[in-house]
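Descriptive structure summary
Take a look at the letters that make up each chain.
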Amino acid sequence: MEPVHVTVWNAGPETGASTVPGVFVHGIFTWAEDAAYGFAAQRPLAAGRPLLLVDRRGYGGSPDTARSDFETDADDLVRLLDGCPDGAHLVGHSNGGLAAMLAAARRPRAVRSLALIQPSAFRAAPDHPAVRELLDRVEKTAGTQQKAQPKGSGPRQEAQPDELDPAEYLRLSTEGLGMPMPEPTPARLRAVLTSMHERPVWEADPPLEPLAAASWPKLVIWGTWEDAPELYRRYAGEPLVACAEAVADRIGARRLRVPGYYPHTQHPAEVNAALRELWS
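None of these values were measured; they are calculated from a predicted model.

In the predicted model, the chain carries a mean pLDDT of 91, and the fraction of residues at 70 or more is 91%. pLDDT under 50 marks residues 143-159. Its contacts with residues more than four places away, or in other chains, come to 72 contacts.

Take a look at the structure:
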(Lines give C-alpha, C1' and ligand atoms only; values in the text may rest on other atoms or scores of the structure.)
Protein backbone atom coordinates (compact mmCIF):
# COMPACT_ATOMS: atom_id res chain seq x y z
CA MET A 1 0.00 0.00 0.00
CA GLU A 2 1.31 3.43 -0.92
CA PRO A 3 2.32 5.37 2.20
CA VAL A 4 0.47 8.46 3.36
CA HIS A 5 1.95 11.93 3.00
CA VAL A 6 3.61 13.41 6.09
CA THR A 7 4.59 17.07 6.36
CA VAL A 8 7.70 17.48 8.52
CA TRP A 9 8.33 20.66 10.49
CA ASN A 10 11.83 20.38 11.88
CA ALA A 11 12.84 21.47 15.34
CA GLY A 12 14.47 24.84 15.76
CA PRO A 13 18.22 25.31 16.13
CA GLU A 14 18.23 26.03 19.85
CA THR A 15 20.08 23.69 22.19
CA GLY A 16 18.00 21.04 23.88
CA ALA A 17 15.43 20.36 21.16
CA SER A 18 13.87 16.93 21.65
CA THR A 19 14.26 14.12 19.16
CA VAL A 20 10.82 12.75 20.08
CA PRO A 21 8.38 14.03 17.44
CA GLY A 22 4.84 15.22 17.81
CA VAL A 23 2.54 13.38 15.39
CA PHE A 24 -0.67 15.19 14.40
CA VAL A 25 -3.75 13.56 12.86
CA HIS A 26 -6.51 15.76 11.42
CA GLY A 27 -10.27 15.42 11.18
CA ILE A 28 -12.50 15.76 8.10
CA PHE A 29 -13.02 18.52 5.52
CA THR A 30 -9.33 19.33 6.00
CA TRP A 31 -5.72 18.20 5.82
CA ALA A 32 -2.77 18.30 8.19
CA GLU A 33 -1.40 21.82 7.72
CA ASP A 34 -4.69 23.49 6.78
CA ALA A 35 -5.27 26.81 8.54
CA ALA A 36 -9.07 26.47 8.68
CA TYR A 37 -9.47 23.12 10.46
CA GLY A 38 -5.97 21.58 10.52
CA PHE A 39 -2.82 22.24 12.51
CA ALA A 40 -1.26 25.31 10.90
CA ALA A 41 -1.47 27.17 14.23
CA GLN A 42 0.57 24.46 15.97
CA ARG A 43 3.70 25.24 13.92
CA PRO A 44 5.35 27.16 16.81
CA LEU A 45 5.65 23.83 18.62
CA ALA A 46 8.31 22.85 16.07
CA ALA A 47 10.72 25.09 17.95
CA GLY A 48 11.11 22.35 20.53
CA ARG A 49 10.89 19.13 18.53
CA PRO A 50 10.11 17.85 15.01
CA LEU A 51 6.43 17.74 14.11
CA LEU A 52 5.03 15.10 11.77
CA LEU A 53 1.69 16.11 10.28
CA VAL A 54 -0.15 13.20 8.71
CA ASP A 55 -2.53 13.59 5.78
CA ARG A 56 -5.06 10.79 6.11
CA ARG A 57 -5.86 8.88 2.92
CA GLY A 58 -7.94 10.96 0.53
CA TYR A 59 -6.78 14.21 2.13
CA GLY A 60 -3.97 16.65 1.41
CA GLY A 61 -0.98 15.04 -0.26
CA SER A 62 -1.95 11.45 0.52
CA PRO A 63 -3.22 8.94 -2.05
CA ASP A 64 -6.88 8.77 -2.99
CA THR A 65 -9.05 6.15 -1.36
CA ALA A 66 -12.42 4.70 -2.27
CA ARG A 67 -13.49 5.00 1.35
CA SER A 68 -11.63 6.58 4.24
CA ASP A 69 -11.60 4.23 7.24
CA PHE A 70 -10.46 4.73 10.83
CA GLU A 71 -8.93 1.24 10.88
CA THR A 72 -6.79 2.05 7.84
CA ASP A 73 -5.83 5.37 9.41
CA ALA A 74 -4.73 3.51 12.54
CA ASP A 75 -2.65 1.11 10.42
CA ASP A 76 -0.93 4.08 8.77
CA LEU A 77 -0.18 5.61 12.17
CA VAL A 78 1.20 2.34 13.49
CA ARG A 79 3.62 2.21 10.55
CA LEU A 80 4.68 5.76 11.31
CA LEU A 81 5.16 4.98 15.01
CA ASP A 82 7.23 1.94 14.12
CA GLY A 83 9.61 4.31 12.33
CA CYS A 84 10.10 6.56 15.38
CA PRO A 85 12.99 5.01 17.35
CA ASP A 86 12.39 7.20 20.41
CA GLY A 87 8.60 6.99 20.26
CA ALA A 88 6.24 9.87 19.54
CA HIS A 89 3.66 12.16 21.10
CA LEU A 90 0.30 11.56 19.39
CA VAL A 91 -2.21 14.38 18.85
CA GLY A 92 -5.53 13.69 17.12
CA HIS A 93 -8.52 15.88 16.33
CA SER A 94 -12.04 14.64 15.58
CA ASN A 95 -11.87 11.51 13.40
CA GLY A 96 -8.10 11.77 13.62
CA GLY A 97 -8.46 11.53 17.38
CA LEU A 98 -10.26 8.22 17.00
CA ALA A 99 -7.47 6.93 14.73
CA ALA A 100 -4.87 8.09 17.26
CA MET A 101 -6.68 6.19 20.02
CA LEU A 102 -6.69 3.00 17.98
CA ALA A 103 -3.01 3.34 17.03
CA ALA A 104 -1.94 4.13 20.60
CA ALA A 105 -3.71 1.02 21.88
CA ARG A 106 -1.92 -1.10 19.27
CA ARG A 107 1.56 0.36 19.91
CA PRO A 108 1.56 1.57 23.52
CA ARG A 109 5.34 1.20 23.84
CA ALA A 110 5.87 3.61 20.93
CA VAL A 111 3.69 6.34 22.46
CA ARG A 112 5.09 8.98 24.81
CA SER A 113 1.81 10.84 25.34
CA LEU A 114 -1.68 11.09 23.83
CA ALA A 115 -3.64 14.32 23.30
CA LEU A 116 -7.18 14.17 21.92
CA ILE A 117 -9.04 17.24 20.67
CA GLN A 118 -12.79 16.58 20.63
CA PRO A 119 -12.31 12.96 19.50
CA SER A 120 -15.09 11.34 17.49
CA ALA A 121 -15.36 8.43 19.92
CA PHE A 122 -19.14 8.30 20.14
CA ARG A 123 -19.30 4.78 21.53
CA ALA A 124 -17.47 6.03 24.62
CA ALA A 125 -20.69 7.67 25.82
CA PRO A 126 -23.54 5.76 24.16
CA ASP A 127 -26.02 6.43 26.97
CA HIS A 128 -25.58 10.18 27.10
CA PRO A 129 -28.79 11.79 25.79
CA ALA A 130 -27.04 13.91 23.16
CA VAL A 131 -25.02 10.94 21.90
CA ARG A 132 -28.02 8.63 22.07
CA GLU A 133 -30.01 11.05 19.96
CA LEU A 134 -27.23 11.15 17.38
CA LEU A 135 -26.82 7.37 17.32
CA ASP A 136 -30.58 6.80 17.08
CA ARG A 137 -30.72 9.20 14.17
CA VAL A 138 -27.97 7.46 12.21
CA GLU A 139 -29.04 3.95 13.14
CA LYS A 140 -32.42 4.64 11.57
CA THR A 141 -30.63 5.04 8.26
CA ALA A 142 -28.80 1.70 8.52
CA GLY A 143 -29.42 -0.45 5.48
CA THR A 144 -30.16 2.59 3.34
CA GLN A 145 -27.86 4.91 1.51
CA GLN A 146 -25.19 6.34 3.87
CA LYS A 147 -26.06 9.77 5.18
CA ALA A 148 -23.63 12.53 6.03
CA GLN A 149 -21.92 12.17 9.40
CA PRO A 150 -21.28 14.67 12.21
CA LYS A 151 -18.06 16.50 11.59
CA GLY A 152 -15.55 17.00 14.35
CA SER A 153 -15.21 20.49 12.93
CA GLY A 154 -18.60 20.65 11.21
CA PRO A 155 -22.20 19.44 11.46
CA ARG A 156 -24.16 16.46 10.31
CA GLN A 157 -26.54 17.04 7.44
CA GLU A 158 -29.69 15.12 6.60
CA ALA A 159 -29.03 15.02 2.86
CA GLN A 160 -27.69 11.94 1.14
CA PRO A 161 -24.04 12.36 0.05
CA ASP A 162 -24.73 11.12 -3.47
CA GLU A 163 -27.42 13.76 -3.90
CA LEU A 164 -24.97 16.64 -3.43
CA ASP A 165 -21.75 17.74 -5.04
CA PRO A 166 -18.89 18.56 -2.62
CA ALA A 167 -19.31 22.33 -2.92
CA GLU A 168 -22.98 22.15 -1.96
CA TYR A 169 -22.22 19.70 0.81
CA LEU A 170 -19.60 22.08 2.18
CA ARG A 171 -22.02 24.99 2.01
CA LEU A 172 -24.75 23.09 3.86
CA SER A 173 -22.25 21.93 6.48
CA THR A 174 -21.09 25.46 7.24
CA GLU A 175 -23.32 28.30 6.06
CA GLY A 176 -26.31 26.02 6.53
CA LEU A 177 -25.69 26.16 10.26
CA GLY A 178 -24.56 29.75 10.55
CA MET A 179 -20.80 29.31 10.17
CA PRO A 180 -18.45 30.82 7.58
CA MET A 181 -17.77 28.61 4.58
CA PRO A 182 -14.10 28.18 3.69
CA GLU A 183 -13.07 28.85 0.13
CA PRO A 184 -14.04 25.81 -2.01
CA THR A 185 -10.57 25.24 -3.43
CA PRO A 186 -9.74 21.96 -5.21
CA ALA A 187 -7.93 20.75 -2.08
CA ARG A 188 -10.95 21.59 0.10
CA LEU A 189 -13.43 19.94 -2.23
CA ARG A 190 -11.30 16.81 -2.45
CA ALA A 191 -11.27 16.68 1.36
CA VAL A 192 -15.03 17.19 1.46
CA LEU A 193 -15.60 14.41 -1.09
CA THR A 194 -13.48 12.02 0.98
CA SER A 195 -15.37 13.03 4.12
CA MET A 196 -18.72 12.43 2.46
CA HIS A 197 -17.86 8.76 2.03
CA GLU A 198 -15.84 8.17 5.19
CA ARG A 199 -16.65 5.10 7.25
CA PRO A 200 -18.98 6.25 10.07
CA VAL A 201 -17.02 6.75 13.26
CA TRP A 202 -19.89 5.46 15.40
CA GLU A 203 -19.02 1.99 14.11
CA ALA A 204 -15.74 2.12 16.04
CA ASP A 205 -15.23 0.60 19.46
CA PRO A 206 -12.81 3.02 21.18
CA PRO A 207 -10.04 1.10 23.01
CA LEU A 208 -10.63 2.76 26.37
CA GLU A 209 -9.30 0.04 28.67
CA PRO A 210 -5.87 -0.27 26.97
CA LEU A 211 -5.51 3.50 26.96
CA ALA A 212 -6.45 3.71 30.64
CA ALA A 213 -3.86 1.04 31.43
CA ALA A 214 -1.06 2.89 29.63
CA SER A 215 1.35 4.75 31.89
CA TRP A 216 2.05 7.72 29.61
CA PRO A 217 0.25 11.03 30.16
CA LYS A 218 -3.02 11.81 28.41
CA LEU A 219 -4.88 15.02 27.69
CA VAL A 220 -8.38 15.61 26.31
CA ILE A 221 -9.26 19.06 24.97
CA TRP A 222 -12.66 20.43 24.06
CA GLY A 223 -14.41 23.74 23.59
CA THR A 224 -17.11 25.47 25.60
CA TRP A 225 -19.28 25.89 22.46
CA GLU A 226 -21.19 28.79 24.03
CA ASP A 227 -20.62 30.98 20.98
CA ALA A 228 -21.39 28.30 18.39
CA PRO A 229 -24.48 28.58 16.20
CA GLU A 230 -27.37 26.85 17.96
CA LEU A 231 -27.95 24.11 15.39
CA TYR A 232 -24.26 23.32 15.14
CA ARG A 233 -23.97 23.16 18.92
CA ARG A 234 -26.92 20.77 19.15
CA TYR A 235 -25.91 18.55 16.25
CA ALA A 236 -22.16 18.34 16.82
CA GLY A 237 -21.16 20.22 19.95
CA GLU A 238 -23.24 18.48 22.58
CA PRO A 239 -22.34 14.94 21.44
CA LEU A 240 -18.65 15.82 21.04
CA VAL A 241 -18.45 17.40 24.50
CA ALA A 242 -20.18 14.38 26.02
CA CYS A 243 -17.69 12.06 24.31
CA ALA A 244 -14.69 14.15 25.32
CA GLU A 245 -15.78 14.13 28.95
CA ALA A 246 -16.41 10.38 28.88
CA VAL A 247 -13.08 9.62 27.22
CA ALA A 248 -11.20 11.81 29.71
CA ASP A 249 -12.90 10.06 32.64
CA ARG A 250 -12.42 6.56 31.31
CA ILE A 251 -8.76 6.81 30.26
CA GLY A 252 -7.65 8.98 33.20
CA ALA A 253 -6.74 12.02 31.11
CA ARG A 254 -6.18 15.58 32.18
CA ARG A 255 -8.88 17.93 30.88
CA LEU A 256 -8.57 21.26 29.12
CA ARG A 257 -11.64 23.21 28.10
CA VAL A 258 -11.17 26.40 26.09
CA PRO A 259 -13.62 28.94 24.64
CA GLY A 260 -15.08 28.34 21.21
CA TYR A 261 -15.54 25.13 19.29
CA TYR A 262 -12.30 24.66 17.29
CA PRO A 263 -9.81 24.65 20.17
CA HIS A 264 -6.57 24.30 18.20
CA THR A 265 -7.49 26.90 15.58
CA GLN A 266 -9.48 29.41 17.63
CA HIS A 267 -7.30 29.31 20.75
CA PRO A 268 -3.95 27.90 19.65
CA ALA A 269 -1.92 29.64 22.36
CA GLU A 270 -3.78 27.75 25.10
CA VAL A 271 -3.68 24.46 23.23
CA ASN A 272 0.00 24.82 22.33
CA ALA A 273 0.91 25.64 25.92
CA ALA A 274 -0.96 22.56 27.13
CA LEU A 275 0.81 20.37 24.58
CA ARG A 276 4.23 21.73 25.61
CA GLU A 277 3.41 20.92 29.21
CA LEU A 278 2.19 17.43 28.29
CA TRP A 279 5.33 16.74 26.27
CA SER A 280 7.64 17.92 29.03
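Judged by how many residues are buried, strand β4 (residues 88-93) sits mostly within the fold: 6 of 6 residues are covered. Where burial is concerned, the two faces of β4 agree: the one with A88, L90 and G92 and the one with H89, V91 and H93 are both buried. Judged from the 4 bridges that link them, strand β2 (residues 22-25) and β4 form a sheet pairing that is parallel. Its bridge partner being in β4, V25 is matched across the sheet by G92. When β4 meets strand β5 (residues 111-117), the two strands line up parallel, connected through 6 bridges. Directly across from G92, in β5, lies its bridge partner L116.

This next bit is on the pairing of β5. Most of β5 is tucked away, with 6 of its 7 residues classed as buried. As a crossover connection, the stretch from β4 through helix α2 (residues 95-106) into β5 is right-handed. As defined by bridge partners, β5 adjoins strand β6 (residues 218-223) across 4 bridges and the pair is classed as parallel. The partner of I117 across the bridge, within β6, is I221.

Packing of helix α1 (residues 70-82) against α2 brings their axes to within 8 Å, and their N-to-C directions diverge by 50 degrees. Taken together, α1 and α2 sit at an angle that is classed as oblique. Crossing handedness for the pair α1 and α2: right-handed. Residue-level contacts link F70, E71, D73, A74, D75, L77, V78 and L81 of α1 to L98, A99, A100, L102, A103 and R106 of α2. Across the contact of α1 with α2, the residue classes tally to 10 nonpolar, no polar and 4 charged.

Y232 and V247 are the most contacted members of the largest nonpolar core, which totals 70 residues. Per-element tally for this core: the top contributor is helix α7 (residues 230-251), with 11 residues. Setting aside residues up to four positions removed in sequence, V247 forms contacts with M101, L116, A121, A124, L208 and V220.

Looking at the element boundaries, A46 is found in the loop between β2 and β3 (51-54). We classify A46 as buried; its relative accessible area is 7%. Measuring from C-alpha to C-alpha, the distance between A46 and V8 comes to 9.3 Å, with 38 residues separating the pair along the chain. Not counting chain neighbours up to four residues away, the residues in contact with A46 comprise W9, N10, A11, G12 and L51.

Rules used throughout
- Within any chain, residue numbers begin from 1 and follow the written order of that chain's sequence.
- Totals for whole chains, interfaces and linings use all residues, but because this is a predicted model, local features are given only for residues with pLDDT of at least 70 and pairs of side-chain atoms are given and counted only at 80 or more.
- Remark: hydrogens and water are excluded; side-chain values derive from all non-hydrogen atoms of the structure.
- What pLDDT expresses is the predictor's confidence in each residue, scored from 0 to 100.
- Residue contacts are defined here by distance: any two heavy atoms, one from each residue, within 4.5 Å place the two residues in contact.
- Type-normalised accessible area, obtained with a 1.4 Å probe on protein chains alone, sets the label of each residue: buried when under 20%, exposed when over 50%, and partly exposed for intermediate values.
- Starting at the N terminus, helices and strands are each numbered in turn, a helix being any DSSP run of H or I of at least four residues and a strand any DSSP run of E of at least two.
- Any two strands are treated as partners once DSSP identifies two or more bridges connecting them.
- Clockwise travel from the first strand over the helix to the second, with the strands pointing away from the viewer, marks a crossover as right-handed.
- Axis lines are fitted to C-alpha atoms, over the contacting stretch for helices. Their N-to-C directions set the angle, which ranges from 0 to 180 degrees.
- Geometric relationships in this document are graded by angle, where less than 35 degrees denotes roughly parallel, more than 145 denotes roughly antiparallel, 65 to 115 denotes roughly perpendicular, and other angles denote oblique.
- If you view the pair so one helix is near and one far, a crossing is left-handed when the near helix is turned anticlockwise from the far one by less than a right angle, and right-handed when it is turned clockwise.
- Each residue is assigned to one class: nonpolar for Ala, Val, Leu, Ile, Met, Phe, Trp, Tyr, Cys and Pro, charged for Asp, Glu, Lys and Arg, and polar for all the others, Gly among them.
- Remark: nonpolar core denotes a set of buried residues (Ala, Val, Leu, Ile, Met, Phe, Trp, Tyr, Cys) joined through side-chain atoms within 4.5 Å.

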